[in-house]
Amino acid sequence: AKLLPLTLLKTLLLKSPKPSATAAIILKHDTQGAIQAIPLTHNNLLTNLQQIASVYNISDHDVLLATLPSYHSLGLITSLLLPLVEGMPIVCHNNPTDTAMLGKLIFHYNATLLFSSPTLYARYHHSDPLDPLMLASLRIAVSGIERLPPSLAQAFCQQFKQPLYTCYGTSEVCAIASCNLPDILTEIDWRTHVFNKPNTVGLPLPGTVFQITDITTNEPVSTGKPGVVWVGGAQVMPPNDQTSTPS
């Protein structure tokens, strides 16, 4: 320590990467079944992490139950990087289908945040040994990766008195581009401001732009019409600042 102070060691060994440098590569299957590599930069990841922490109001009192694998973009962001960046306590379990144990972990550690998929939430719903009180500490449960069936959302809410808030995203936008949130009642006008609309992908995250265009003409379509969803924002993978998916 006397010969090489900590500041000097940091200068020699810990060089800060460029924000545009690749930080992670996510492998996914395209529409034809071929494996596609999605490079995400430091700026992509940090932007999405800041967006997620902002909209879900992450605080020092939160405890995350991490169940999604880190090879998936949503798992990489929410189960690994979000707790590290926000300094949030994390509870891990190596089997996301073991809902009986997950319920015990939520109850024992008073977990407040849960990111999962409809397939896994269905296991919570059909798990006999899972007492609804085990999930009472959760302040928000987010459903992503696949479409959330309305019947499952309703059944889960009735059983656990906990709504599921859907989010939308692809690997090309790191993890989340839009989400539903709890409704808010403000004392300014004593009105309920609706941020959760079931069976929708919710509102775009801060700094994110959506546009839906016709699949053939590339012209914007009217509300309720199918088309291609274009997403723009700093969390979108390089070299383009926007990506698209069929809607």
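Higher on the page you've got the structure.
Residues numbered from 1 in each chain as written. Predicted model: local features only at pLDDT ≥ 70, side-chain atom pairs only at ≥ 80, totals over all residues. Heavy atoms only, no water.

Caption draft 1: Looking closely at the nonpolar core. Ranked by internal contacts, the top residues of the largest apolar core, which has 33 residues, are Ile52, Tyr56, Ile77, Phe115, Ile176 and Cys179. Mapped onto this core, the elements with two or more residues apiece are β1 (22–29), β2 (35–41), α2 (42–55), α3 (73–86), β5 (113–116), β6 (140–143) and β7 (164–168). Apart from residues no more than four positions distant in its own chain, Ile176 is found in contact with Asn48, Ile52, Tyr56, Leu74, Phe115, Cys167, Tyr168, Gly169, Leu205 and Gln235. Membership of the second largest hydrophobic core comes to 21 residues, among which are Leu138, Leu152, Ala153 and Phe156. (Core = buried A, V, L, I, M, F, W, Y, C linked by side-chain atoms within 4.5 Å. Buried < 20%, exposed > 50% of the residue type's maximum accessible area, 1.4 Å probe, protein only. Helix = DSSP H or I, 4+ residues; strand = E, 2+ residues; numbered from the N terminus. Contact = heavy atoms within 4.5 Å.)

Caption draft 2: The pairing of β7, seen in detail. Counting buried residues along β7, four of its five residues qualify, which places the element largely inside the surrounding structure. Bridge count between β6 and β7: three bridges; the pairing is parallel. The partner of Ser143 across the bridge, within β7, is Thr166. Of the crossover connections in this fold, the one passing from β6 over helix α6 (residues 150–160) to the parallel β7 is right-handed. Relative to strand β8 (residues 178–179), β7 runs antiparallel, the two being bridged by two bridges. If you follow Tyr168 over to β8, its bridge partner there is Ser178. (Pairing = 2+ DSSP bridges. Right-handed = clockwise from strand over helix to strand, strands pointing away.)

Caption draft 3: Spatial organisation of the packing of aromatic side chains. For the coordinates displayed, the defined rule picks out six aromatic pairs. Centre to centre, the rings of Tyr121 and Phe156 are 5.3 Å apart; their planes meet at 75 degrees, and the pair counts as edge-to-face. Placement of Tyr121 in helix α5 (residues 118–126) and of Phe156 in helix α6 is noted, with a sequence separation of 35 residues between them. Exposure class is identical for Tyr121 and Phe156. Each is buried. Centre to centre, the rings of Phe156 and Phe160 are 4.8 Å apart; their planes meet at 45 degrees, and the pair counts as tilted. Linking Phe156 with Phe160, this pair stays in helix α6, spanning four residues, or about one helical turn. Among the residues examined, Phe160 registers a relative accessible area of 5% and is labelled buried. Here the aromatic residues Tyr121, Tyr124, Phe156 and Phe160 are joined through ring pairs into a cluster of three or more. (Phe/Tyr/Trp six-rings, centres within 6.5 Å; stacked < 30°, edge-to-face > 60°.)

Caption draft 4: Region of the structure containing the layout of surface pockets. Here the largest pocket defines a volume of roughly 690 Å³. Forming the walls of the largest pocket are 24 residues, and the residues nearest its centre are Ile145, Glu146, Arg147, Tyr168 and Gly169. Among the secondary structure elements, those contributing two or more residues to the lining of the largest pocket are β1, α3 and β7. (1 Å grid on protein atoms, 1.4 Å probe; cavity = no way out; pocket = protein on both sides within 12 Å on 5 of 7 lines; lining within 4 Å. Points joined across faces, edges and corners; volume = space filled by probe spheres on them.)

Caption draft 5: Spotlight on the sheet that holds β8. Overall, mixed pairing links the seven strands, which are arranged β4-β3-β5-β6-β7-β8-β11 in an open sheet. The strands lining the two open edges of the sheet, one partner per strand, are β4 (90–92) and β11 (203–204). Bridge count between strand β3 (residues 64–66) and β5: two bridges; the pairing is parallel. Following the sheet pairing, Leu64 is matched in β5 by Leu113. α5 rests against β3, β5, β6 and β7 of the sheet, and its axis sits at about 120 degrees to β5. (Axes fitted to C-alpha atoms, helices over the stretch in contact; angles between N-to-C directions.)

Caption draft 6: The arrangement of the side chain of Thr213 in detail. Secondary-structure assignment places Thr213 in strand β12 (residues 209–213). Relative accessible area serves as the criterion here: at 2%, Thr213 is assigned to the buried category. A distance of 3.2 Å separates the side chain of Thr213 from the side chain of Asn218, its partner in a polar contact. Looking at Thr213, its side chain comes within polar contact range of the side chain of Trp230, at 2.8 Å. Excluding its chain neighbours within four sequence positions, the residues that come into contact with Thr213 are Asn218, Glu219, Pro220, Val221, Gly227, Val228 and Trp230. (Polar contact = N/O pair within 3.5 Å; in protein donor to acceptor, adjacent residues only side chain to side chain.)

Honestly, that's just the spatial picture; any functional story needs more than this.
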